[in-house]
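If you want the building blocks of each chain, they are given just below.
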Amino acid sequence: MQTQVLIIGGGVTGVGLARDLALRGVDCILAEAYDLNAGASGANHGLLHSGCRYVASDPHSARECHEESSLLRKLAPHVVEETGGYFVAVPGDDERYIADFPGRCRSAGIPVRSQDVPAAREQEPELAGNAVAVFEVPDATVDPFHLVLDTLTHARELGARFLGHTRLEGFEMRQGRVEIARLRNTRNGREYRVRADQIVNAAGAWAGEVAAMAGGNVAMRCVKGTLLVTHDRMTRRVINRLRPPGDGDILVPGGTVSILGTTSVRVESLDDIAPTVAEVDVNVEQGSAMVPGLASTRYIRAYAGVRPLLLEQDDSSDRNASRGVALLDHERDGLQNFVTITGGKLTTFRLMAEQTADLVCARLGVHAPCRTRTTPLPAAEPWRWNEAGLARKGWLSEHEPGDVLLCECEMVPRSGVDAILDMAAEEGEATGLKALNRRSRVGKGACQGTFCGLRLTSYLYDRDDLDSDEGIVQLRDFLEERWKGQRPVLWGPAAAQAELQEALYCGLMGLELPSTDREGA
Ligand SMILES: Cc1cc2nc3c(=O)[nH]c(=O)nc-3n(C[C@H](O)[C@H](O)[C@H](O)COP(=O)(O)OP(=O)(O)OC[C@H]3O[C@@H](n4cnc5c(N)ncnc54)[C@H](O)[C@@H]3O)c2cc1C
């Protein structure tokens, strides 16, 4: 295969870059080792930062966040929920920080309004009764899955090529240049040899590993952040603690739930980043100071993502270092056609893509200007089953009487499942539970797959998508994926739910047994 630019990594940065290049008429291939959003882009808070969180530690980032979040609202309103946000201080929070906050926001160009505490509690009844200060800011939320899927769909319509489940395995070098990139499809073993004029390493927390394959150096360490999903939506707005960034200080509504986070723990290996009970406890304890109901609400799952921290950029505290964007030109390592883009935020992905595309285009001698500042992001219809809360509204207003619900918590009907599986088939993907899990919200609600898992598996057999005992194997994988997130939040009703799930799937179906034992039983 031949292309002008090969991009490694199908997170928000990689897909944003593919779309930017495609809009400039540059040919590119995007390769992702797993599926889209397998890294931090699928494991974050979904907060479209107003920038206020960074006004003290990094005013430059704060301004960028404000500008980029304003642009995304205008260009892709379908992936954004205009929630607004509050910054809330409670007794014991630093008075100097509170007093300086509005002035710092204004200096960064971000509108902020002091809010009377009783009036704020009328708007958000879950806020702590002892809150001492509340400021209203233009925070919003963004659906990272919908954003990435729409961005890639648009890039592909413009000619970009996408290789899913295709891992970069190594480079063949010649005179300080990457001549060939060797990639392998992890599902069918097929090898691709890609000859590209420029290589962009957008592999997030794996950027060091990818750069090392070409002899480049990205000095970084990785920090895990754990987030918790509540059973119900706790607040209408984003609620931030008015203090320097710390654990459990952001509560972000996401459709019908809220997401509380995050912690910040260094990790040595990216292979095991499961959330722990201790991290869950810290989030709940800290979060409940601003929203007391977080101490007693039901949580349905926890998940964790990893941020890359660039050591050369800032070796101060992990929280501050993690926010920086790193666009590294590896000419400094003697590599002429290799660039790394990592760090940053979901909120600023467009800007990161623009800066990277500018550098790459200058090397290619392409003078077409960036168009992502002005070109709206089209909404691709099939992705709507990924949007939290939307399926409910859609189903209630338009469903056909015979169109039964297969996932009740997230209101995904049979017609939705058919649409998702047809789309997966068009993309050459296997049409099973995994395809449904990645492309929709099935199994992500309160029952965490307990009821819909069985129903969906039966339906897949009805459609002839599954044969023999494939369903049992897929069902076990599907439940194991949900179980990873359930395990650290097992108390109260969530524990009862897990017991029921265990009784159903292990008691009735022997799913805890290896396949061979079950066959023999
Ligand atoms: C806990 C947490 C909460 C966050 N919350 C927010 C938030 O609320 N708002 C916000 O703006 N930002 C937030 N962020 C930051 C944001 O999520 C990231 O900045 C962004 O998702 C990074 O995207 P990326 O594409 O650079 O990296 P990633 O999404 O990590 O993508 C890198 C991709 O590269 C792939 N890859 C790796 N190696 C290879 C290989 N050899 N071959 C092919 N592919 C490979 C991986 O599979 C992965 O999919 C948060 C981050 C974390 C960790």
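Before reading further, recall that the structure is shown in the block above.
Residues numbered from 1 in each chain as written. Predicted model: local features only at pLDDT ≥ 70, side-chain atom pairs only at ≥ 80, totals over all residues. Heavy atoms only, no water.

Student: Would you explain the overall build of the protein chain in this entry?
Tutor: Of regular secondary structure, the protein chain possesses 16 helices and 22 strands. Here the protein chain has a C-alpha radius of gyration of 23 Å; the compact-globule value for 521 residues is 24 Å, and the two agree. Across the 521 residues of the protein chain, 58% fall into the buried class. A separation of at least 24 residues holds for 71% of the contacts in the protein chain among residues at least 6 apart in sequence. As displayed, the protein chain has an accessible area near 21000 Å², and 50% of this comes from carbon and sulfur atoms. Each charge sign in the protein chain was given a centre, from 57 positive and 73 negative side chains, and these centres are 4 Å apart. (Helix = DSSP H or I, 4+ residues; strand = E, 2+ residues; numbered from the N terminus. Rg over C-alpha atoms; globule rule 2.2 N^0.38 Å. Buried < 20%, exposed > 50% of the residue type's maximum accessible area, 1.4 Å probe, protein only. Contact = heavy atoms within 4.5 Å. Areas by Shrake-Rupley, 256 points an atom, 1.4 Å probe, with all protein chains shown as cover. Lys, Arg positive; Asp, Glu negative; His and termini not counted. Charge placed at Lys NZ, Arg CZ, Asp CG, Glu CD.)

Student: Please clarify how the site of the ligand should be interpreted in this entry.
Tutor: With respect to spatial proximity, 39 residues lie near the ligand, and among them Thr13, Glu32, Ser41, His45 and Thr347 are the closest. Here asparagine 44 contributes a side-chain N or O atom positioned 3.4 Å from an oxygen atom of the ligand. Within the backbone of histidine 45, a nitrogen or oxygen atom sits 3.2 Å from a nitrogen atom of the ligand. Burial of the ligand by the surrounding chains reaches 97%, relative to a free accessible area of 1000 Å². Looking at the shell around the ligand, the elements with two or more residues in it are helix H1 (12-23), strand E10 (166-174), strand E13 (220-230) and strand E18 (299-310). The residue inventory of the shell around the ligand, partitioned by class, reads 17 nonpolar, 18 polar and 4 charged. Each of domain 1 (2-39 + 145-219 + 321-364) and domain 2 (80-140 + 221-310) accounts for three or more of the residues forming the shell around the ligand. (Near = heavy atom within 4 Å. Polar contact = N/O pair within 3.5 Å; in protein donor to acceptor, adjacent residues only side chain to side chain. Nonpolar A, V, L, I, M, F, W, Y, C, P; charged D, E, K, R; others polar. Domains from an automatic or database assignment.)

Student: Help me out: how do you make sense of the nonpolar core in this one?
Tutor: In summary, soluble globular proteins display a tendency toward joint burial of nonpolar side chains. Val5, Ile7, Leu21, Leu72 and Leu147 are the most contacted members of the largest nonpolar core, which totals 38 residues. Going through the elements one at a time, strand E1 (2-8), H1, strand E2 (28-31), strand E8 (140-142), helix H5 (144-157) and helix H9 (349-364) are the ones with two or more residues in this core. Among all residues touching leucine 72, those that are not within four sequence positions of it are Leu48, Pro77, Val80, Val142, Leu147 and Phe349. Ala205, Ala211, Val218 and Leu335 belong to the second-largest nonpolar core, a separate cluster that totals 30 residues. (Core = buried A, V, L, I, M, F, W, Y, C linked by side-chain atoms within 4.5 Å.)

Student: Looking at this structure, how should I read the sheet that holds E8?
Tutor: Sheets are built from strands that pair by backbone hydrogen bonding, the pairs being arranged parallel or antiparallel. Ordered in space as E3-E8-E4, the 3 strands form an open sheet in which the pairing is antiparallel. Whereas interior strands pair on both sides, the edge strands pair on one side only; in this sheet they are strand E3 (47-48) and strand E4 (80-81). Of the strand pairs in this sheet, E3 and E8 are connected by 2 bridges, and their pairing is antiparallel. Bridged to leucine 48 within E8 is alanine 140. (Pairing = 2+ DSSP bridges.)

Student: Help me out: how do you make sense of the side chain of glutamine 198 in this one?
Tutor: Considering the arrangement of structural elements, one finds glutamine 198 in strand E12 (residues 191-201). At a separation of 2.9 Å, a polar atom in the side chain of glutamine 198 contacts the side chain of arginine 363. Not counting the four nearest positions on each side in its chain, glutamine 198 is found in contact with Gln4, Val5, Leu6, Gln336, Asn337, Phe338, Val360, Arg363 and Leu364.

Student: Sorry if this is basic, but what is going on with the pattern of salt bridges here?
Tutor: It is possible for side chains of opposite charge to pair when their charged atoms get near one another. Enumeration over the complete set of coordinates arrives at 28 salt bridges. Notably, a salt bridge pairs arginine 174 with glutamate 179, separated by 3.5 Å at the nearest N-O pair. Note on glutamate 179: relative accessible area 27%, which makes it partly exposed. Here aspartate 329 ties to arginine 363 by a salt bridge, and the two come within 2.5 Å at their closest N and O atoms. With aspartate 329 in strand E19 (residues 325-329) and arginine 363 in helix H9, the pair connects residues that are 34 residues apart, well separated along the chain. With a relative accessible area of 24%, arginine 363 lands in the partly exposed category. Members of the salt-bridge network, linked through shared partners, are Glu68, Arg350, Glu354 and Arg373. (Salt bridge = Lys/Arg side-chain N within 4 Å of Asp/Glu carboxyl O.)

Student: Looking at this model, I keep getting lost on the packing of helix H14 (residues 470-486) against helix H15 (residues 492-508). Mind explaining?
Tutor: Helix-helix packing is described using two parameters, namely the angle between the two axes and the distance between the axes. It is the contact of H14 with H15, at a shortest axis distance of 12 Å, that shows an interaxial angle of 160°. With respect to their mutual orientation, H14 and H15 come out roughly antiparallel. Handedness of the crossing formed by H14 with H15: left-handed. Within the contact between the two elements, H14 uses Leu475, Leu479, Trp483 and Gln486 and H15 uses Ala498, Gln501 and Tyr505. Of the residues belonging to the contact of H14 with H15, the class tally is 5 nonpolar, 2 polar and no charged. (Axes fitted to C-alpha atoms, helices over the stretch in contact; angles between N-to-C directions. Parallel < 35°, antiparallel > 145°, perpendicular 65-115°, else oblique. Left-handed = near helix turned anticlockwise from the far one by under 90°.)

That is the geometry; function is a separate question.
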